[in-house]
Amino acid sequence: MSGRTHPRVAVLMGGLSAEREVSLSSGRECAAALRDEGVEAVEIDAGRDLPARLAEAAPDVVLNALHGRWGEDGCVQGLLEWLGLPYTHSGVLASALAMDKQRAKAAFAEVGLPVAESRIVPQAEAEAAHVLPPPYVIKPNAEGSSVGVYIVEREAAAPPALGPEMPAEVMVEAFAPGRELTTTVLGAGPVQREARALGVTDIVTEGWYDYAAKYTPGGSRHVLPAEIPDEIAALCEDYAIRAHAALGCRGVSRTDFRWDESRGAEGLVVLELNTQPGMTPTSLSPEQARAAGMGFGALCRWMVEDASCGR
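Reading guide: rules and limits
- Residues numbered from 1 in each chain as written.
- Predicted model: local features only at pLDDT ≥ 70, side-chain atom pairs only at ≥ 80, totals over all residues.
- Heavy atoms only, no water.
- Helix = DSSP H or I, 4+ residues; strand = E, 2+ residues; numbered from the N terminus.
- Buried < 20%, exposed > 50% of the residue type's maximum accessible area, 1.4 Å probe, protein only.
- Pairing = 2+ DSSP bridges.
- Core = buried A, V, L, I, M, F, W, Y, C linked by side-chain atoms within 4.5 Å.
- Contact = heavy atoms within 4.5 Å.
- Disulfide = S-S within 2.5 Å.
- Axes fitted to C-alpha atoms, helices over the stretch in contact; angles between N-to-C directions.
- Parallel < 35°, antiparallel > 145°, perpendicular 65-115°, else oblique.
- Phe/Tyr/Trp six-rings, centres within 6.5 Å; stacked < 30°, edge-to-face > 60°.
- Lys NZ or Arg CZ within 6 Å of the ring centre and 35° of its normal.
- Polar contact = N/O pair within 3.5 Å; in protein donor to acceptor, adjacent residues only side chain to side chain.
- Arc of directions from axis to C-beta.

Caption draft 1: Molecular detail of the environment of G199. Tracing the sequence through the fold places G199 in the loop between β9 (196–197) and β10 (201–204). Owing to a relative accessible area of 13%, G199 belongs among the buried residues under this scheme.

Now the structure itself:
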């Protein structure tokens, strides 16, 4: 830290991934909230000149509001470690693991968390024939925000033709039916050593929870606290904390679930963990923090105070 009374915070946003627009929204919201808290916030659109922009801004702390590749997968975290700049959210290894869905699922399964069957296959193989019995999902192994997700229905005679946005290898995952639930976790960092869960949200949509449903006002309805049995809510919180720990996460994370209520506790499946949850006006983690008594400004300040190197 410098000798300044209050830290100067560089808010990284935008970036180079398919989630650029979401990140810009997250970054602007975080920067505005920090200013309202009396913190000096410098917004940086993270391009190829990021090291120079950071040197120019000379921040004490970096709030990472990037989403997707390069910002959420350990790349920018490694740069910040190299530069010795304390930063928010998870470190290099946890970020890389969480962004690689298949490796994250292997880590979850290792600690006994329920996950859906999945395989990584070449795109051509996924298009040629059913890799798994329908219904199943085809998606990139390392993207977020429901970018490039294809749902193959039970009655589908053949797989879909995949668009140019898809990588050379894709994840084919058994479709997990049921309700869309999510839980945010805070902790396991310098400020709060013991991770805690912030409740469970039931995400209600007309169709499936795609990009538009996530980021368009009115695209989904968030029921918080979720109207589910206490046993399932407790399991979601327990699983989210265990998933956070299994990957070695720090700061804020959010774990997404599907729950087939006809099967009770056996119907709860961990889908994935997000190390950089959205901070937009429609995002889930700020909403859960607010319900737990932490306003958006306080959440952003908490992240800044929790920032460190060696995460």
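After that view, the rundown keeps rolling.
Caption draft 2: Inspection of the pairing of strand β3 (residues 61–64) at higher detail. Residues V61 and L63 of β3 are buried on one face, and the alternating residues V62 and N64, pointing to the opposite face, are buried as well. Alignment of strand β1 (residues 8–13) against β3, held across 4 bridges, turns out to be parallel. Residue A10 lies in a different strand from β3, and its bridge partner there is V62.

Caption draft 3: Region of the structure containing the nonpolar core. Judged by nonpolar contacts, the single largest core of 26 residues is most densely connected at F108, L181, L247, F257 and L268. Not counting chain neighbours up to four residues away, the residues in contact with L247 comprise A94, L97, A98, A104, A107, F108 and L273. In terms of nonpolar packing, the next biggest core, distinct from the first, is built from 24 residues, V11, C30, V252 and L299 among them.

Caption draft 4: Highlighting the state of the cysteines. Within this structure, the stated rule accounts for 0 disulfides. Take C236: it sits in no disulfide, and the sulfur closest to it among the cysteines is that of C249, at 17 Å. Classification of C236 by relative accessible area gives buried; the value is 0%. Counting only cysteine sulfurs, C30 is the nearest neighbor of C300, a cysteine outside any disulfide, at a range of 3.9 Å.

Caption draft 5: Broad picture of the packing of helix α4 (residues 92–99) against helix α5 (residues 101–110). Relative orientation of the contacting elements α4 and α5 amounts to 105°, with a least axis distance of 5 Å. Here α4 is positioned roughly perpendicular relative to α5, judged by the angle of their axes. From α4, L97, A98 and M99 reach across to α5, where they touch K101, R103 and A104.

Caption draft 6: View of the sheet that holds strand β5 (residues 136–139). The strand order across the open sheet built from 4 strands is β4-β7-β5-β6, with neighbouring strands paired in antiparallel fashion. Where the open sheet ends on each side, the last strands, each with one partner, are β4 (118–122) and β6 (150–152). Taken pair by pair, the neighbouring strands of this sheet meet at an average axis angle of 25°, ignoring direction. Pairing of β4 with strand β7 (residues 169–174) involves 5 bridges; the strand directions are antiparallel. Bridge pairing links P122 to E169 in β7.

Caption draft 7: Just the sheet that holds β3, in detail. If you walk across this open sheet you meet the 3 strands as β2-β1-β3, and the pairing is parallel. Each edge of the sheet is formed by a strand with only one pairing partner; in this case those strands are β2 (40–45) and β3. Neighbour-to-neighbour, the strand axes of this sheet turn through a mean angle of 30°, independent of strand direction. Summarising the sheet, β1 and β2 pair through 6 bridges and their orientation is parallel. Looking across to β2, one finds that V11 is bridged to E43. Against the sheet, helix α1 (residues 20–36) contacts β1, β2 and β3, and its axis sits at roughly 160° relative to β1.

Caption draft 8: Spotlight on the packing of aromatic side chains. Going through the model one piece at a time under the given rule, you end up with 0 aromatic pairs. The positively charged end of R69 is found above the aromatic ring belonging to W70, 4.4 Å away from the centroid.

Caption draft 9: Here's a closer look at the side chain of T280. Within the secondary structure, T280 sits in the loop between β13 (268–274) and α9 (284–291). For T280, the side chain forms a polar contact with the side chain of S283, separated by 2.8 Å.

Caption draft 10: Broad picture of α4. Within the span of α4, buried status applies to A94, S95, A98 and M99. The arc that holds every buried residue of α4, seen down its axis, measures 125°, which confines them to one face.

Just distances and angles here, no functional claims.
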